[in-house]
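# Notes for the structure review
Next come the chains, spelled out residue by residue.
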Amino acid sequence: MRIAVCPGSFDPVTNGHLDIIARASKMFDKVIVAVLHNSSKNSLFTLEERVEMLRINCEGIGNVEVDSFSGLLIDFLKLKDAHVIIKGLRAVSDFEYEMQMALMNRKLDADIETVFMMTSSKYSYLSSSLVKEVARHKGCIHGLVPNMVEEELKKRFNI
Ligand code: PNS
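Being a predicted model, the structure only gives us computed values, none of them experimental. (Residues numbered from 1 in each chain as written. Predicted model: local features only at pLDDT ≥ 70, side-chain atom pairs only at ≥ 80, totals over all residues. Heavy atoms only, no water.)

### Considerations on the overall build of the chain
We apply this condition: For helices the rule is a DSSP run of H or I covering at least 4 residues; for strands it is a run of E covering at least 2, with both sets numbered from the N terminus onward. Each radius of gyration is computed over the set of C-alpha atoms, and the globule rule expresses the reference value as 2.2 Å times the number of residues to the power 0.38. Exposure is judged per residue with a 1.4 Å probe applied to protein chains only, and the accessible area is read against the type maximum: over 50% gives exposed, under 20% gives buried, and values in between give partly exposed. Working rule for contacts: check all heavy atoms of both residues, and any pair within 4.5 Å makes them a contact. All accessible-area figures derive from a Shrake-Rupley calculation using a 1.4 Å probe, and residue coverage is judged against the displayed protein chains alone. His is not counted here, nor are the chain ends, while Lys and Arg score as positive and Asp and Glu score as negative. Lysine's charge is taken at NZ, arginine's at CZ, aspartate's at CG and glutamate's at CD.
Broken down by element type, the chain carries 6 helices and 5 strands. Reading the helices (α) and strands (β) of the chain from amino to carboxyl end gives β-α-β-α-β-α-β-α-β-α-α. By the compact-globule yardstick of 15 Å for 159 residues, the chain fits well, its C-alpha radius of gyration being 15 Å. If one aligns the C-alpha atoms of the chain with their principal axes, the spans along those axes are about 45 × 30 × 30 Å. Of all 159 residues assigned to the chain, the portion counted as buried reaches 43%. In the chain, once contacts between residues fewer than 6 apart in sequence are set aside, the share between residues at least 24 apart is 74%. Accessible surface for the chain amounts to roughly 8800 Å². Of this, 53% is attributable to carbon and sulfur atoms. Computed over 20 positive and 21 negative side-chain charges, the inter-centroid distance for the chain is 3 Å.

Here you go:
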């Protein structure tokens, strides 16, 4: 069985993430979306909230499951018997850091491959951070995140 892991902070999940997850699900038998539990990073949503938002929005995709991890990503892959990391690339600016991480992960475990997918052009400017910034200042985020995430962001920022 070909299992791929799609890791990230997902704080919160955007339509750009969902586009990558849905497309990856067609290429692998199973895609595990892995939400990073990072205690040092100040996230807007708790780990449980981020996982729940992903679960609800991935419900329609049969071979996708959502889980969380802490520590090294390659250890999570080993635990799940997965050999592929899926990453979305939005622009050239993403490339340098992603390349660094892919090479480090390969150094840590030579059996693991990172597969890069190009984000759809309509989401190429999208990031969780920018969505949060726009929402914080009460700007319109409609169409950038799933509707239920939009509602959660509005609640957080009293819109
Ligand atoms: O959505 P993000 O914040 O860009 O995701 C980054 C993520 C979770 C993929 C990355 O920080 C990660 O893999 N963290 C786990 C720790 C780890 O394995 N570090 C070494 C990778 S080189």
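### Quick word on the site of the ligand
Operational definition: Summary of the distance rule: residues count as near a molecule or strand when at least one heavy atom falls within 4 Å of that molecule or strand. Whenever two N or O atoms come within 3.5 Å, that pair is a polar contact, provided that in protein one can donate a hydrogen and the other can accept it, and provided that, for residues adjacent in sequence, both atoms are side-chain atoms. Of the two site types, the cavity is a set of points on a 1 Å grid over the protein atoms alone where a 1.4 Å probe fits but cannot get out, and the pocket is an open set with protein on both sides within 12 Å along at least five of seven lines, each lined by residues with an atom within 4 Å of a point. Pocket or cavity membership: a molecule qualifies when more than half of its atoms sit within 2 Å of the grid points of that site. When residues are sorted by character, Ala, Val, Leu, Ile, Met, Phe, Trp, Tyr, Cys and Pro go into the nonpolar class, Asp, Glu, Lys and Arg into the charged class, and all the rest, Gly among them, into the polar class.
Around the ligand, the structure places 13 residues, and the nearest of them are Ser 9, Lys 41, Gly 71, Leu 72 and Leu 73. In this structure, an oxygen atom belonging to the ligand sits 2.8 Å away from a main-chain N or O atom of Leu 73. Spatially, the ligand is embedded in the largest pocket. Those elements that place two or more of their residues in the shell around the ligand are β1 (3-8) and α4 (92-108). Here the shell around the ligand gets 3 residues from one element, more than from any other, and that element is α4. Of the residues contributing to the shell around the ligand, the split by class is 7 nonpolar, 4 polar and 2 charged.

### As for the layout of surface pockets
The condition is simple: Grid points are joined across faces, edges and corners, and a volume is the space filled by probe spheres set on the points.
A volume near 1200 Å³ is recorded for the largest pocket. At 8 residues, α4 tops the list of elements feeding residues into the lining of the largest pocket. Class assignment of the residues belonging to the lining of the largest pocket gives a composition of 15 nonpolar, 16 polar and 8 charged.

### A look at a nonpolar patch on the surface
Put simply, the rule reads: For patch building, the residue pool is restricted to those with more than 30% relative accessible area and no salt bridge; the joining distance is 9 Å between like charges and 5 Å between nonpolar side chains (Val, Leu, Ile, Met, Phe, Trp, Tyr). Criterion for a salt bridge: a side-chain nitrogen of Lys or Arg within 4 Å of a carboxyl oxygen of Asp or Glu.
A surface patch of nonpolar side chains, about 390 Å² in accessible area, is lined by Val 92, Phe 95, Met 99 and Leu 103. Met 99 sits in the partly exposed class, given a relative accessible area of 37%.

### Remarks on the pattern of salt bridges
Any two side chains of opposite charge can pair, so long as their charged atoms come close to each other. Considering all chains together, one arrives at 11 salt bridges under this definition. Of the charged contacts, one joins Glu 98 and Lys 87 as a salt bridge, the two residues approaching to 2.8 Å between their closest N and O atoms. Of this pair, Glu 98 sits in helix α4 while Lys 87 is found in strand β4 (residues 84-89), placing the two residues 11 residues apart along the sequence. Exposure class is identical for Glu 98 and Lys 87. Each is buried.

### As for the packing of aromatic side chains
Which entries qualify depends on this criterion: Centre distance within 6.5 Å is the pairing criterion for rings of Phe, Tyr and Trp, where only the six-membered ring of Trp is used; planes under 30 degrees apart are then read as stacked, over 60 as edge-to-face, and the remainder as tilted.
In total, this model carries 1 aromatic pair according to the counting rule given. Ring plane angle 35 degrees and centroid distance 5.5 Å describe the contact between Phe 69 and Phe 76, whose orientation is recorded as tilted. You can call Phe 76 buried: its relative accessible area is 6%.

### Quick look at empty space enclosed by the protein
Empty space among the atoms becomes apparent when a probe as large as a water molecule is rolled across them. Throughout the structure, instances matching the rule amount to 1 cavity of 30 Å³ or more. Approximately 30 Å³ is the volume found for the largest cavity. For the lining of the largest cavity, the secondary-structure elements that each account for two or more residues are β4, α4 and β5 (113-118). Looking at the lining of the largest cavity, the element that brings in the most residues is α4, giving 4 residues. Taken together, the residues of the lining of the largest cavity break down into 5 nonpolar, 2 polar and 2 charged.

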